[in-house]
Amino acid sequence: MSTHQIIGAFAAAFLIFLRPPAALAQSPAAAVTLTVDATEASRHLLHAREAISVPSGELVLSYPKWIPGEHMPNGPITDLAGLKITAGGQALEWRRDLVDMFSIRCTVPSGTDRIELTYDFILPPPGNKYTAGASSSPNLLVLSWNYVAVFPKNVSPDSITVTPSLILPEGWKFATALSTSGKDGSMIRFHPVPLTMLIDSPVLAALHFRRIDISPEGGPKHYLDLAADGDEALEITPSQVGQYKQLVLEANALFGAHHYEHYDFLYTLSDQVAHFGLEHHQSSDDRVPNKTLVDEDLRRTHAGLLPHEFVHSWNGKFRRPADLATGDYSTPMKDDLLW
């Protein structure tokens, strides 16, 4: 057996499509409209409004606990604040589940097929890891949608269609794997997507922002999206741009095909955010110190970050180990096959 055949057999044995458990696969669909106001991101505050289609009766809402790629139950529910739930203009009483603190219980009145939620999210301070860590500064924001996702429990995230929109501070630019459907003043409207894809598509927004096309000739669009606390940190050289273009060519040559429509490297350069990388299907969330592009030692130290997360789009997103493919954000994810 050749080396390529051995690798192919190994991958087929351990990696599968992401499929929801049988119980969730049979669950009804749901529709959500979500608006996030990030105009106070510099004060580490997000304001969210949701409208969710639901049947009347007992309802359990869920907040994401296990975030793909983070390998721990660290959904930052402690930063969710000021939750109010209404139906038909009337306030509904709610309470946390006594066992699962990521679940919220309420009763939807008969004759009602929609509830509305308002709440705030306090952007995390330094100290925690991954998306539960610091994600903003006075001039930039990395919006992970799991911050502001409250949804019906026991419904497959693939069956929940979310129509999202985002309000940014004046003058800020942004990048994301999501596609826009329009703009109304400072509000950006995105096309509807399954909840799974929304949580898998963070937004990088900043006052100091630069977007560089590194697409291969005749191939899908690839962008290097740079955000920093000041313009001086965005001074990337033509040689560096050429290296990132080569990264795209070599990754596609390695795998022989691509599974995404386009790809964005969301590259945050700041000393005020947590430093890490997190893979996504059509983007990666990459965060490094402020001077990484202009300091040769820092550049070399972090040179492997973008290639690492890019490869995970194939191995870890498009295919992933079975015990990580839980199909929801409540079931514990296990890493045995990953390691």
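Everything discussed here concerns the structure shown above.
Residues numbered from 1 in each chain as written. Predicted model: local features only at pLDDT ≥ 70, side-chain atom pairs only at ≥ 80, totals over all residues. Heavy atoms only, no water.

**Some words on the environment of E279**
Along the chain, E279 turns up in strand β22 (residues 276–279). Here E279 falls in the buried class, since its relative accessible area comes to 9%. Expressed as a C-alpha distance, the spacing of E279 and S313, which sit 34 residues apart in the sequence, is 6.3 Å. If sequence neighbours within four positions are ignored, E279 has contacts with G69, D200, E309, H312 and K317. (Helix = DSSP H or I, 4+ residues; strand = E, 2+ residues; numbered from the N terminus. Buried < 20%, exposed > 50% of the residue type's maximum accessible area, 1.4 Å probe, protein only. Contact = heavy atoms within 4.5 Å.)

**What about the nonpolar core?**
L46, I115, W145 and V148 are the most contacted members of the largest nonpolar core, which has 52 residues in total. Apart from residues lying up to four places away in sequence, I115 is in contact with E50, A51, I52, V54, L59, L61, I85, T86, A87, L92 and V108. Core analysis: the second largest hydrophobic core is formed by 24 residues, I212, A233, V241 and L293 among them. (Core = buried A, V, L, I, M, F, W, Y, C linked by side-chain atoms within 4.5 Å.)

**A few points about the side chain of D229**
Tracing the sequence through the fold places D229 in the loop between β20 (221–228) and α4 (238–255). Lacking a salt bridge, the buried D229 has R287 as its closest oppositely charged neighbour, with an N-O distance of 12 Å. At a separation of 2.5 Å, a polar atom in the side chain of D229 contacts the side chain of S137. Within the structure, D229 has its side chain in polar contact with the side chain of S270 (distance 2.7 Å). Not counting the four nearest positions on each side in its chain, D229 is found in contact with S137, N139, L140, H208, L269, S270, D271, Q272 and N290. (Lys, Arg positive; Asp, Glu negative; His and termini not counted. Salt bridge = Lys/Arg side-chain N within 4 Å of Asp/Glu carboxyl O. Polar contact = N/O pair within 3.5 Å; in protein donor to acceptor, adjacent residues only side chain to side chain.)

**Things to note about the pairing of β22**
Along any regular strand, the residues point their side chains to alternate faces of the sheet. Burial of the side chains of β22 extends over both faces: F276 and L278 are buried on one face and G277 and E279 on the other. Pairing analysis gives four bridges linking β22 to strand β23 (residues 283–288), with the strands arranged antiparallel. Directly across from F276, in β23, lies its bridge partner R287. Taken together, β22 and the strand that follows it, β23, pair antiparallel across an intervening segment of three residues. (Pairing = 2+ DSSP bridges.)

**Structural notes on unusual backbone geometry**
Its identity as a non-glycine residue notwithstanding, H71 has a phi of 65°, on the positive side. At Y130, a residue that is not glycine, the phi angle is positive and equals roughly 50°. Among the secondary structure elements, Y130 is positioned in the loop between β9 (114–122) and β10 (136–137). Judged by relative accessible area, which is 22%, Y130 ranks as partly exposed.

**With respect to the sheet that holds strand β8 (residues 103–108)**
Pairing in this open sheet of four strands is antiparallel, and the strands run β7-β8-β4-β12 from one edge to the other. One side of each edge strand has no neighbouring strand; the edge strands of this open sheet are β7 (94–96) and β12 (151–152). Strand direction decides the pairing type here: strand β4 (residues 57–62) and β12, joined by two bridges, are antiparallel. Paired with L61 across the bridge in β12 is P152.

**Describing the packing of aromatic side chains**
Counted under the stated rule, the structure contains 13 aromatic pairs. Ring centres 4.4 Å apart and planes at 15° place the aromatic pair F121 and Y147 in the stacked group. Of this pair, F121 sits in strand β9 while Y147 is found in the loop between β11 (140–143) and β12, placing the two residues 26 residues apart along the sequence. You'll find F121 and Y147 in the same group, each marked buried. (Phe/Tyr/Trp six-rings, centres within 6.5 Å; stacked < 30°, edge-to-face > 60°.)

**Thoughts on the side chain of S62**
By the secondary structure assignment, S62 is in strand β4. With a relative accessible area of 1%, S62 lands in the buried category. Apart from residues no more than four positions distant in its own chain, S62 is found in contact with F102, A149, V150, F151, K153 and S330.

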